[in-house]
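In case you want the letters, here they are:
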Amino acid sequence: MTEDNKKKPNPIDIHVGSRIRLRRNMLGMSQEKLGENLGITFQQIQKYEKGTNRVGASRLQAIASILGVPVAFFFEDAPGQEAAPGRGFAEDTSMAFAVEFCGSPEGLQLNRAFVKIADAKVRRRIIDLVKSLSNDDLD
């Protein structure tokens, strides 16, 4: 391994870290709380989430358990994976966009507030409103 490869995080490590951050944020859990559950510091969680440090198999299993997802969740849409059968390029792009949006502060706030709306008609009207504001023909 060259000196350059040692300093640059592996794309898979970055992806796994971003999925840890995504799920942790979706749950509203702090880095400190996740670290406490794992018996490590929040700084170590930061390093995992940036891809600076690799997450070992047993630690990843523990993280999956704490965050309530299967281990495979962290590898979904990872770079270098072949597309699943029946999925086209447009679907792959939109899925990546959706994951990125849901990981943003605005996406998390919108998602959390939206799922609390019990009335399906109100949710539908909100979707219609957002579509009209975006000037886009989304389905």
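Here the structure is a predicted model, which is why all the values come from computation and not from measurement.

Cut-offs and rules
- Residues numbered from 1 in each chain as written.
- Predicted model: local features only at pLDDT ≥ 70, side-chain atom pairs only at ≥ 80, totals over all residues.
- Heavy atoms only, no water.
- Axes fitted to C-alpha atoms, helices over the stretch in contact; angles between N-to-C directions.
- Helix = DSSP H or I, 4+ residues; strand = E, 2+ residues; numbered from the N terminus.
- Parallel < 35°, antiparallel > 145°, perpendicular 65-115°, else oblique.
- Contact = heavy atoms within 4.5 Å.
- Nonpolar A, V, L, I, M, F, W, Y, C, P; charged D, E, K, R; others polar.
- Core = buried A, V, L, I, M, F, W, Y, C linked by side-chain atoms within 4.5 Å.
- Buried < 20%, exposed > 50% of the residue type's maximum accessible area, 1.4 Å probe, protein only.
- Arc of directions from axis to C-beta.

**Q** So, the packing of helix 2 (residues 11-26) against helix 4 (residues 42-50): which residues are in play, and what are the values?
**A** Packing of helix 2 against helix 4 brings their axes to within 6 Å, and their N-to-C directions diverge by 120°. Classed by the angle they form, the pair helix 2 and helix 4 counts as oblique. Of the residues in helix 4, those touching helix 2 at Asp13, Ile14, Gly17, Ser18, Ile20, Arg21 and Arg24 are Tyr48, Glu49 and Lys50. When its residues are assigned to classes, the contact of helix 2 with helix 4 shows 3 nonpolar, 2 polar and 5 charged.

**Q** Tell me about the nonpolar core, residues and numbers included.
**A** Membership of the largest hydrophobic core comes to 17 residues, with the highest contact counts inside it found for Ile20, Leu34, Ile63, Leu67 and Phe74. Where this core is concerned, the elements lending two or more residues are helix 2, helix 3 (31-38), helix 4 and helix 5 (57-67). For this core, the leading source of residues is helix 5, giving 4 residues.

**Q** Before we move on, can you summarise helix 5 with the specific residues and values?
**A** Within helix 5, burial applies to Leu60, Ile63, Ala64 and Leu67. With its buried residues spanning 100° around the axis, helix 5 presents them on a single face. Away from its buried face, by an angle of more than 90 degrees, helix 5 presents the exposed residues Ser58 and Ser65. Close packing links the buried residues of helix 5 with helix 2, helix 3 and helix 4. One or two steps after helix 5, the chain reaches Gly68, where phi turns positive at roughly 70°.

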